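# Examination of the molecular architecture
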Amino acid sequence: MSEPLVRVRGLSKRFGHHTVLDGIDLDVARGSVAVVLGPSGSGKSTLLRTVNHLEKPDAGFVEVNGEIIGYRRDGTRLRELSDRAITRQRSRIGMVFQQFNLFPHKTALENVLEGQLAAGVRRGPAEARGRELLDRVGLADKERSYPRQMSGGQQQRVAIARALAVEPELMLFDEPTSALDPEMVGEVLGVMKDLARTGMTMIVVTHEIGFAREVADQVVFLDEGRLVEAGTPDAVLTEPTHERARAFLSAVL
Ligand code: ADP
Ligand code: MG
């Protein structure tokens, strides 16, 4: 395995007295796909949000591309880093949410452009790249459509194009198909599969076991903030050792 792009060590996060993440260790190799499974409330979103520096760990650290923000390798606190350093690292991470979070008053193309324009890319090159990305997610003909004129599956594909526009080295997906009607799940998973094939490093929270089996290099299972299973899709999906993982999988399969 090559040097991991993402290293998570001893990561813990509390909200008040509630320990939401409890000593998580996770490596994600460059160019690989990790699927995160677990029941509601097990800490999946908090894990992604911490990787993206939307939450600060209480212990442990997240390292992306060799760069640690906020914490030493042994988990002790570094000096507070500037907002700029965090913004810089976050700009290399794309995130896609369950609720697409598109700007309702912007067209598909304008939504895709927004991050590039904010990063100072000139309008001409930004538009060229935006069109290329809309084409890549199968929406070349929708550049002038507003979110309300598009299906949920189309909106989520715009959200993926938007996340890709700033050329992230890591993509985080938080239940990207959970809010979609069943007939639209496939088109979004298809775009994600294509992306995985291009070598994008991805961490995907999903209950789509078929996607995990087909695309994931590793599957991990969270239960009450602990990472209780980790391994190949075959190992984790076929023969989970942890009781909660077994119960969860028999319910979703
Ligand atoms: P999952 O995505 O697996 O459903 P989450 O990471 O969203 O789980 O949440 C894990 C637990 O942390 C839940 O009990 C949730 O209520 C709690 N939690 C998440 N965010 C916050 C917050 N900002 N403040 C307080 N509690 C939170
Ligand atoms: Mg969640």
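Preceding this section is the structure that the text describes.
Scope of this entry: the structure provided in the associated data block. From a predicted model like this one, the values you see are computed outputs, not experimental measurements. (Residues numbered from 1 in each chain as written. Chains lettered and ligands numbered in written order. Predicted model: local features only at pLDDT ≥ 70, side-chain atom pairs only at ≥ 80, totals over all residues. Heavy atoms only, no water.)

### Concerning the sheet that holds strand E9 (residues 218-223)
- Reading across from one edge, E6-E7-E8-E3-E9-E10 is the order of the 6 strands in this open sheet, with mixed pairing throughout. In this open sheet, the two edge strands, each paired with only one partner strand, are strand E6 (93-96) and strand E10 (226-231). Ignoring which end each strand starts from, the neighbouring axes of this sheet average 15° apart.
- The pairing of strand E3 (residues 33-37) with strand E8 (residues 201-205) spans 4 bridges and is parallel. (Pairing = 2+ DSSP bridges. Helix = DSSP H or I, 4+ residues; strand = E, 2+ residues; numbered from the N terminus. Axes fitted to C-alpha atoms, helices over the stretch in contact; angles between N-to-C directions.)

### Let's talk about the sheet that holds strand E4 (residues 59-64)
- In spatial order, the strands read E2-E1-E4-E5; together these 4 strands make up an open sheet with antiparallel pairing. Both outer strands of the open sheet, strand E2 (18-29) and strand E5 (67-68), are each paired with one neighbouring strand and no more.
- Judged from the 5 bridges that link them, strand E1 (residues 4-15) and E4 form a sheet pairing that is antiparallel. Residue pairing in the sheet places Val 6 in a bridge with Val 64 of E4.

### Structural notes on the environment of Val 8
- Here Val 8 shows up in strand E1.
- In this structure, the C-alpha to C-alpha distance between Val 8 and Glu 224, residues 216 residues apart in sequence, is 17 Å.
- Not counting chain neighbours up to four residues away, the residues in contact with Val 8 comprise Ile 24, Asp 25, Leu 26, Asp 27, Val 51, Phe 61 and Val 62. (Contact = heavy atoms within 4.5 Å.)

### Points about the site of ligand 1
- Taken together, Phe 15, His 18, Val 20, Pro 39, Ser 40, Gly 41, Ser 42, Gly 43, Lys 44, Ser 45 and Thr 46 make up the full set of residues near ligand 1.
- At 3.2 Å, a backbone N or O of Ser 42 approaches an oxygen atom of ligand 1.
- Ser 45 places a polar side-chain atom, nitrogen or oxygen, 2.9 Å from an oxygen atom of ligand 1.
- Its free accessible area being 560 Å², ligand 1 has 60% of it covered by the protein chains.
- Secondary structure elements with two or more residues in the shell around ligand 1: E2 and helix H1 (44-51).
- Counting residues per element, the shell around ligand 1 draws most heavily on H1, at 3 residues.
- Looking at the shell around ligand 1 residue by residue, the classes come out as 3 nonpolar, 7 polar and 1 charged. (Near = heavy atom within 4 Å. Polar contact = N/O pair within 3.5 Å; in protein donor to acceptor, adjacent residues only side chain to side chain. Areas by Shrake-Rupley, 256 points an atom, 1.4 Å probe, with all protein chains shown as cover. Nonpolar A, V, L, I, M, F, W, Y, C, P; charged D, E, K, R; others polar.)

### With respect to the packing of helix H5 (residues 152-164) against helix H6 (residues 182-197)
- Put simply, H5 and H6 touch, their axes get as near as 8 Å, and they point 20° apart. By the angle between their directions, the pair H5 and H6 is classed as roughly parallel. Relative to H6, H5 is oriented so that their crossing is right-handed. Contact with H5, carried on its side by Gly 152, Gly 153, Gln 154, Gln 156, Arg 157, Ile 160 and Leu 164, involves Met 184, Glu 187, Val 188, Val 191, Met 192 and Leu 195 of H6 and no other residues of that element.
- Broken down by class, the residue content of the contact of H5 with H6 amounts to 7 nonpolar, 4 polar and 2 charged. (Parallel < 35°, antiparallel > 145°, perpendicular 65-115°, else oblique. Left-handed = near helix turned anticlockwise from the far one by under 90°.)

### Points about the pattern of salt bridges
- Here the structure, examined in full by the defined rule, presents 17 salt bridges.
- Here Arg 131 and Glu 127 are joined by a salt bridge, their closest N and O atoms 3.7 Å apart. Of the two residues, Arg 131 and Glu 127 both sit in helix H4 (residues 123-136), 4 residues apart, roughly one turn of that helix.
- A salt bridge links Glu 243 to Arg 246; the nearest nitrogen and oxygen atoms lie 3.7 Å apart. In this pair, Glu 243 and Arg 246 are both assigned in helix H9 (residues 243-252), 3 residues apart and thus about one turn of the helix distant.
- When its relative accessible area of 52% is taken as the criterion, Glu 243 is described as exposed.
- For Arg 246, a relative accessible area of 41% corresponds to the partly exposed category.
- The structure contains a network of salt bridges with shared partners spanning Arg 123, Glu 127, Arg 131 and Glu 143. (Salt bridge = Lys/Arg side-chain N within 4 Å of Asp/Glu carboxyl O. Buried < 20%, exposed > 50% of the residue type's maximum accessible area, 1.4 Å probe, protein only.)

### Description of the packing of helix H3 (residues 108-118) against H5
- Put simply, H3 and H5 touch, their axes get as near as 7 Å, and they point 30° apart. Relative to H5, the element H3 is oriented roughly parallel. Handedness of the H3/H5 crossing: right-handed. Taking contact as the criterion, the partners of Ala 108, Asn 111, Val 112 and Glu 114 in H3 are, on H5, Val 158, Ala 161 and Arg 162.
- Considered class by class, the residues forming the contact of H3 with H5 number 4 nonpolar, 1 polar and 2 charged.

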